[in-house]
Amino acid sequence: QPGEEAEVVAAATPFYVEAGGEVSDTGVIRLAQRDALFRVEEVYRPIPGLIVHVGKVIDGTLALGDEVLLEVDNVRRGDIRRNHTGTHILHKELRTQLGSHVTQAGSLVAPDRLRFDFSHGEPLSEEQLASIEAGINQAIAANYPVKINHMDQQEAISQGAMALFGEKYGDIVRTISIGDDLGPDAYSFELCGGLHVEETNDIGMFKFVSESAVAAGTRRVEAVTGRAAQELVS
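Here the structure is a predicted model, which is why all the values come from computation and not from measurement.

1. Some remarks on the side chain of serine 119
Stage number 1. Relative to the assigned elements, serine 119 resides in strand E7 (residues 114-119).
Stage number 2. Separated by 2.8 Å, the side chain of serine 119 and the backbone oxygen of histidine 101 make a polar contact.
Stage number 3. Within the structure, the side chain of serine 119 is placed 2.9 Å from the backbone nitrogen of threonine 103, a separation counted as a polar contact.
Stage number 4. Setting aside its immediate chain neighbours within four residues, serine 119 contacts His101, Val102, Thr103 and Gly217.

Listed below in structure tokens is the structure:
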């Protein structure tokens, strides 16, 4: 009934479930047979193969067996895509400019910002942050294609693909290559199951917001891309 909170399961769904630091999609579920609207506020996977949409009935009623249309909030998803591809470019530039000791120690990819924790023993100076930010924006402006490929996990890792912190991988993995080449010859090459832009110029702009310590030997940066970055500099 209208106003009631519920969990909805459909036969299939386009909604992304939180994984690898990337937050879940939001959106709506509409009824095909009559006027009804369910707002999806969260999505989770309690067991493999089962995706549950959590939210509230806004209008009309829902019943078991209803035929539904699931619609993702694509504006919000676009912001998430920009931040996720921006995170991969950030990881690449940190390793290029600070050294190969830099590895991911945690991340958050949300529509309004990205957060990235990485191994490094000292604070980053303003000059270092400015140089890294410039390198990231140069990669964005280069308009590199972002390519998705599936390959054997061991083969991908042996070719140099970066495996992200906290992610669980199967025998066949999804890889994200940023650049004109695929795999180890690409600008960036990582294992990742998340959402990304098609070309780096879709990100628009990257701006650091903060840099801090998380623990001994671990630093944290927060940044914005796209619309949020433009608002920050305007």
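2. So, the sheet that holds strand E10 (residues 188-191)
Stage number 1. Strand order in this open sheet of 3 strands is E8-E9-E10, and the pairing throughout is antiparallel. Because the sheet does not close on itself, it has two edges, and the strands there are strand E8 (146-152) and E10. Neighbour-to-neighbour, the strand axes of this sheet turn through a mean angle of 25°, independent of strand direction.
Stage number 2. Judged from the 7 bridges that link them, E8 and strand E9 (residues 172-178) form a sheet pairing that is antiparallel. Of the residues in E9, the one forming a bridge with valine 146 is isoleucine 178.

3. Thoughts on the sheet that holds E7
Stage number 1. One open sheet holds the 4 strands; their spatial order is E6-E7-E12-E11, and the pairing between them is antiparallel. What marks the edges here is a single partner per strand, and that holds for strand E6 (104-109) and strand E11 (206-215). Recorded for the sheet is a direction-independent mean angle of 15° between the axes of neighbouring strands.
Stage number 2. Where helix H1 (residues 74-98) meets the sheet, it contacts E6, E7, E11 and strand E12 (218-225), and its direction lies at approximately 25° from that of E7.
Stage number 3. Of the strands in this sheet, E11 and E12 touch helix H4 (residues 226-233), which is tilted by about 90° from E12.

4. Remarks on the packing of aromatic side chains
Stage number 1. Counted by the stated rule, this structure contains 3 aromatic pairs.
Stage number 2. For the ring pair phenylalanine 116 and phenylalanine 118, a centre distance of 6.2 Å and an interplane angle of 25° mean the geometry is stacked. You'll find phenylalanine 116 and phenylalanine 118 in the same group, each marked buried.
Stage number 3. On the numbers, 5.2 Å between centres and 25° between planes, the contact of tyrosine 144 with tyrosine 187 is stacked. Remark: tyrosine 187 occurs in the loop between E9 and E10 and tyrosine 144 occurs in the loop between helix H2 (126-141) and E8; sequence separation between them is 43 residues.

5. Notes on a nonpolar patch on the surface
Stage number 1. Taken together, the side chains of Val209, Leu232 and Val233 present a nonpolar region at the surface, about 270 Å² in accessible area.
Stage number 2. When you line up the elements, valine 233 lands in helix H4.
Stage number 3. The class of valine 233 is partly exposed, set by a relative accessible area of 46%.

6. Notes on H1
Stage number 1. Look at H1: 35 Å from first C-alpha to last across 25 residues, which is about the 36 Å you get at 1.5 Å a residue.
Stage number 2. Taken across its 25 residues, H1 has 18 buried, putting it largely inside the fold.
Stage number 3. Among the residues of H1, the N-terminal cap falls to aspartate 73, whose side-chain oxygen and the backbone nitrogen of valine 75 are separated by 3.2 Å.

7. A closer look at the packing of H1 against H2
Stage number 1. One way to put it is that H1 packs onto H2 with a least axis distance of 9 Å and a crossing angle of 130°. By the angle class used here, H1 and H2 are oblique. Where H1 crosses over H2, the two elements pack in a sense that is right-handed. Across from Ile89, Leu90, Glu93, Leu94, Gln97 and Leu98 in H1, the residues of H2 making contact are Gln128, Ser131, Ile132, Gly135, Ile136, Ala139 and Ile140.

8. Quick word on the pairing of strand E3 (residues 37-47)
Stage number 1. Pairing of strand E2 (residues 27-31) with E3, which is carried by 4 bridges, proceeds in the antiparallel orientation. Counted as the bridge partner of isoleucine 29 is phenylalanine 38 from E3.
Stage number 2. Hairpin remark: E2 followed by E3, antiparallel, with 5 residues in the connecting loop.
Stage number 3. Looking at chain direction, E3 and strand E4 (residues 50-59) are connected through 8 bridges and run antiparallel. Bridged to leucine 37 within E4 is aspartate 59.
Stage number 4. Hairpin connection from E3 to E4: 2 residues lie between these consecutive antiparallel strands, with glycine 49 at a positive phi of about 90°.

What counts and how
Residues numbered from 1 in each chain as written. Predicted model: local features only at pLDDT ≥ 70, side-chain atom pairs only at ≥ 80, totals over all residues. Heavy atoms only, no water. Helix = DSSP H or I, 4+ residues; strand = E, 2+ residues; numbered from the N terminus. Polar contact = N/O pair within 3.5 Å; in protein donor to acceptor, adjacent residues only side chain to side chain. Contact = heavy atoms within 4.5 Å. Pairing = 2+ DSSP bridges. Axes fitted to C-alpha atoms, helices over the stretch in contact; angles between N-to-C directions. Phe/Tyr/Trp six-rings, centres within 6.5 Å; stacked < 30°, edge-to-face > 60°. Buried < 20%, exposed > 50% of the residue type's maximum accessible area, 1.4 Å probe, protein only. Patch = residues over 30% accessible without salt bridge, like charges linked within 9 Å, V, L, I, M, F, W, Y side chains within 5 Å. Areas by Shrake-Rupley, 256 points an atom, 1.4 Å probe, with all protein chains shown as cover. Salt bridge = Lys/Arg side-chain N within 4 Å of Asp/Glu carboxyl O. Expected span 1.5 Å × (residues − 1). Parallel < 35°, antiparallel > 145°, perpendicular 65-115°, else oblique. Left-handed = near helix turned anticlockwise from the far one by under 90°.

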